[in-house]
Each structure stands twice: as C-alpha cells, then as structure tokens.
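# What the coordinates show
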Amino acid sequence: ALGSVYVHTGLEESFGLSVIEALKLALPVVSVDEGGPRDTVLSGISGYLVPATPEAVGEAVASLLSDPAKARRMGQAGASFVAEHFSWERGVDTLLRLLQRAR
C-alpha cells in the first residue's frame, strides 16, 4: 500500500491475485496485456495494459509517476472496481448459484 504503482509482468497469469490485491489497495496497475489482468485492469481507468516490452512498461510507469493526481484517480477507480466485483459476499453468492445449478 505504500507503493506508487504496481507493475505486473507475468505473461501466463491465469487470474492475477496480486493484481486484485494491488487494485484493492488503490494502487494503479501497469500490467502486460496477457491473461487474467485483462479482466481486472481497466486500461486507462485503473491502470494500463501494455505490450510485453520493457519500453511499454517503462513508459506507462513513468506516465503515472509523473502525474500523481492521475495515479490517485486510477488507484481509486481500481479500488472501487474490486469492491464491486470481488467482495467475499459476491464470491459466496456466485458459489451458491453454481452449487444450485449443479444439483
């Protein structure tokens, strides 16, 4: 939570729990545009999804570090997204619905 930006460069991440945790902590996320983060990082809103190159990652990080107000806005957007879509209550509701269907 003390960081300014969370950077995720995993190329084969199926979900990206660390990305969800960073978003929950209101950190903007810079992630390579691969796997699970495509479903959790709202590019341009809660962070950036970028090509898997050092240049693209570096440019996105520099953009956020050079504009702390934008980074804070993106961080807050990410925290709101996670609160809405990844709460324990929502997870339990989803699990119960799936179990009902499986009967």
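First, a word on scope: everything that follows refers to the structure included in this document. Worth saying up front: this structure is predicted, and the values here are computed from it rather than measured.

## Considering the sheet that holds strand β1 (residues 6-8)
Read from one edge to the other, the open sheet built from 3 strands follows the order β1-β2-β3, with strand pairing classed as parallel. Bordering the open sheet on either side are β1 and β3 (47-50), each of which pairs with just one other strand. Neighbour-to-neighbour, the strand axes of this sheet turn through a mean angle of 10°, independent of strand direction. Relative to β3, helix α3 (residues 54-65) is tilted by about 170°, and along the sheet it contacts β1, β2 (29-32) and β3.

## A few points about the side chain of Thr40
Of note, Thr40 is situated in helix α2 (residues 37-40). For Thr40, a relative accessible area of 1% gives the class buried. Other than its neighbours up to four places away in sequence, Thr40 contacts Val19, Ile20, Leu23, Ser46, Phe81 and Phe86.

## Details of the packing of helix α1 (residues 17-24) against helix α4 (residues 68-85)
Interaxial distance between α1 and α4 falls to 7 Å at its minimum, and their mutual angle equals 115°. Here α4 runs roughly perpendicular to α1, going by the angle between their axes. Each of Ile20, Leu23 and Lys24 in α1 lies in contact with α4, whose residues at this interface are Gly75, Gly78, Ala79 and Val82. Partitioning the contact of α1 with α4 into residue classes produces 4 nonpolar, 2 polar and 1 charged.

## A short note on the packing of aromatic side chains
Under the counting rule described, the total for this entry stands at 2 aromatic pairs. Members of the aromatic cluster, each reached through a chain of ring pairs, are Phe15, Phe81 and Phe86.

## Quick notes on a nonpolar patch on the surface
Together, Val92, Leu95, Leu96 and Leu99 make up an exposed nonpolar region whose accessible area comes to about 370 Å². Looking at the secondary structure, you find Leu99 in helix α5 (residues 88-102).

## Section: the nonpolar core
Counting residues in each nonpolar core, the largest one holds 12 residues, listed as Val5, Val30, Val32, Tyr48, Val50, Ala56, Val57, Ala60, Val61, Leu64, Ala71 and Met74. Put simply, the parts of the chain that give this core at least two residues each are β2, β3, α3 and α4. Of all the elements, α3 adds the most residues to this core, at 5 residues. The residues touching Val30, leaving out its near neighbours within four places in the chain, are Val5, Tyr6, Val7, His8, Tyr48, Val50, Val57, Ala60, Val61 and Leu64. Judged by nonpolar contacts, the second largest core, of 10 residues, contains Val29, Val41, Phe81 and Val82.

Parameters at a glance
- Residues numbered from 1 in each chain as written.
- Predicted model: local features only at pLDDT ≥ 70, side-chain atom pairs only at ≥ 80, totals over all residues.
- Heavy atoms only, no water.
- Pairing = 2+ DSSP bridges.
- Helix = DSSP H or I, 4+ residues; strand = E, 2+ residues; numbered from the N terminus.
- Axes fitted to C-alpha atoms, helices over the stretch in contact; angles between N-to-C directions.
- Contact = heavy atoms within 4.5 Å.
- Buried < 20%, exposed > 50% of the residue type's maximum accessible area, 1.4 Å probe, protein only.
- Parallel < 35°, antiparallel > 145°, perpendicular 65-115°, else oblique.
- Nonpolar A, V, L, I, M, F, W, Y, C, P; charged D, E, K, R; others polar.
- Phe/Tyr/Trp six-rings, centres within 6.5 Å; stacked < 30°, edge-to-face > 60°.
- Patch = residues over 30% accessible without salt bridge, like charges linked within 9 Å, V, L, I, M, F, W, Y side chains within 5 Å.
- Areas by Shrake-Rupley, 256 points an atom, 1.4 Å probe, with all protein chains shown as cover.
- Salt bridge = Lys/Arg side-chain N within 4 Å of Asp/Glu carboxyl O.
- Core = buried A, V, L, I, M, F, W, Y, C linked by side-chain atoms within 4.5 Å.

Spatial relationships are all this shows, so hold off on functional conclusions.
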